[in-house]
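Per-entry structural report
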Amino acid sequence: MVCLLNVRPDRGDPGNPVRAPCLEELNTISMDRYLGRRCGKEKDLYGRQPYLKGMDQVELRHLRYFVAVAEEGSVTVAAEKRLHTAQPSLSRQLRDLEQEVGAQLFLRGARGIELTPAGRAFLDHARLALGQAAEAVQAARRAARPAKAIFSVGFLTGQEVDWLPHVTRILRDELPSIEFKVTSLYSPDLGDALQSGEIDLGFLRIEPRPDVTYRIIAKEPLVAILSSDHRLAAQAEIDPQDLTDEIFVGFSDVPHVLRGVVDDYLERSGVHLTPSHRIDNFAMGISLVASTRGIALLPAYVEPLLPWSVVSRPLKGEPPTIDLAVGYRKDNPSPVLQTFLSSIDELAAAGPAGQRVKLA
């Protein structure tokens, strides 16, 4: 189709003629203007009401109302306790929802309401939609703020009392800008977590791991743990020779470092004991001491954790000690770790923060 040029000297420039629209273009323009006038009154694709006829008007608030009533089984209870709205308003919203869905969702009776088959089908999808909407909000909030660096510290169970206050003091300037995680594990598990990079810093025994570096921060004496009414509890110190005829609580292979220290001490003392029980951790040891009236040799850090029925006594002579170390990987690039390591000598000099309480 050829479109003719329409030049009007009073409306255009003769040297730059204006092209008149052809018939096909006129038809298109007229239709666009017609639809524009109609849709301008009936729709807004960006969320304002009312929508173009035939489009659903179900909103998240309708879903929230529906789920609340379905779970409570009562419009009154849902309105008062969960939605904090007036019952007539809620009933009207539910009717609007049913009209938009095009199906009856509730059966209303004297005992409250029940879901119809359509309502039960609608409920699962309503919950899913609400959950996705909530997740969308959280995702947007996470994207709007920079993620915090994570710094994870692991403690040999029970050592948090003594050393966590020091850690938080050293990192006090870093804590507002990081996500600080604390976990408690057995010493071998802490060694594995350091090796794998699951934690950045550990307070544990020296567990041989190829990529883990250790700095000893304390040498903990071992003490005798026994029931408060045990015959040896009256003594100020426990002679290792007195353990010969006692029920002795030893260690399994899990706390192998501690087991090695105790075995070496007994051998040096000329005492040969066959453990009646073997334990994996100090909590199990305390429990067995209380129930069997036996004796266990445990690090002194357990003293503040003893119940009234169990006491501790120092060992006579030169008591055995076990190293407590800070473990980390040298290839860990965390600046928070470097801040901590710069104060590790200060940490070792300060010693345990917990108070040693001995129960007589």
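Residues numbered from 1 in each chain as written. Predicted model: local features only at pLDDT ≥ 70, side-chain atom pairs only at ≥ 80, totals over all residues. Heavy atoms only, no water.

With that settled, the discussion passes to helix α5 (residues 117-144). Counted at 1.5 Å a residue, the expected span for α5 with its 28 residues is 40 Å, and the 41 Å between its end C-alpha atoms agrees. Along α5, the residues that are buried comprise G119, F122, L123 and A126. Buried residues in α5 make contact with α2 (60-72), α4 (87-101) and β2 (112-115). (Helix = DSSP H or I, 4+ residues; strand = E, 2+ residues; numbered from the N terminus. Expected span 1.5 Å × (residues − 1). Buried < 20%, exposed > 50% of the residue type's maximum accessible area, 1.4 Å probe, protein only. Contact = heavy atoms within 4.5 Å.)

Quick look at the pairing of strand β5 (residues 201-204) now. Consecutive residues of a regular strand have side chains that alternate between opposite faces of the sheet. Of the two faces of β5, the one carrying L201 and F203 and the one carrying G202 and L204 are both buried. Summarising the sheet, strand β3 (residues 149-156) and β5 pair through 3 bridges and their orientation is parallel. Across the sheet, F155 pairs through a bridge with F203, a residue of β5. Bridge count for β5 against strand β11 (residues 321-328) is 3 bridges, and the pairing is antiparallel. (Pairing = 2+ DSSP bridges.)

With that settled, the discussion passes to the pairing of β11. Of all 8 residues that make up β11, 6 are buried, and the element is covered over most of its length. Where strand β6 (residues 213-227) and β11 come together, 8 bridges link them in antiparallel fashion. Pairing of T213 across the sheet is with Y328, part of β11.

A word on the environment of I206. Take I206: it is sitting in the loop between β5 and β6. Along the primary structure I206 and V326 are separated by 120 residues, whereas in three dimensions their C-alpha atoms are 8.6 Å apart.

Our focus in this paragraph is the nonpolar core. Judged by nonpolar contacts, the single largest core of 45 residues is most densely connected at I225, V262, L266, L297 and L298. Counting only elements with at least two residues in this core, the list comes to α7 (187-196), β6, β7 (248-251), α8 (256-268), α9 (282-292), β9 (295-299), β10 (310-314) and β11. Looking at which element gives the most residues to this core, the answer is β6, with 6 residues. Filtering out sequence-adjacent residues up to four positions away, L266 remains in contact with F248, V271, L273 and L297. Core analysis: the second largest hydrophobic core is formed by 21 residues, L171, F203, A218 and L347 among them. (Core = buried A, V, L, I, M, F, W, Y, C linked by side-chain atoms within 4.5 Å.)

As for its placement among the helices and strands, S312 is situated in strand β10. Among the polar contacts listed, one links the side chain of S312 to the side chain of E303, at a separation of 2.9 Å. (Polar contact = N/O pair within 3.5 Å; in protein donor to acceptor, adjacent residues only side chain to side chain.)

Turning next to the packing of aromatic side chains. For the structure on display, the rule yields 6 aromatic pairs. Note on F66 and F122: the rings are 5.0 Å apart at their centroids and 80° apart in plane angle, and the pair reads as edge-to-face. Taken together, the residues F66 in helix α2 and F122 in helix α5 connect sequence positions 56 residues apart. In this structure F66 comes out as buried when scored by relative accessible area, which is 0%. (Phe/Tyr/Trp six-rings, centres within 6.5 Å; stacked < 30°, edge-to-face > 60°.)

Moving on, we get to α7. All of the buried residues along α7 are S187, P188, L190, G191, A193 and L194. Where α7 is buried, its residues meet β3, β4 (178-185), β5, β6, α8 and β11. After α7 finishes, the residue G197 shows a positive phi value of roughly 85°.

Tallied over the entire structure, the rule returns 17 salt bridges. Between R205 and E220 there is a salt bridge whose closest N-O contact spans 2.7 Å. Here the residue R205 occupies a position in the loop between β5 and β6, and E220 occupies one in strand β6, the gap between them amounting to 15 residues. Comparing R205 with E220 shows no difference in burial state: the two are buried. Among the ionic pairs, D263 bridges to R259, the shortest N-O distance being 3.8 Å. (Salt bridge = Lys/Arg side-chain N within 4 Å of Asp/Glu carboxyl O.)

Tracing the chain through its elements places I178 in strand β4. Taking relative accessible area as the criterion, I178 reaches 7% and is therefore assigned buried. Along the chain, I178 and K148 lie 30 residues apart, while their C-alpha atoms are 5.0 Å from each other. Those residues within four positions of I178 in sequence are excluded, and the remaining contacts are K148, A149, F151 and V336.

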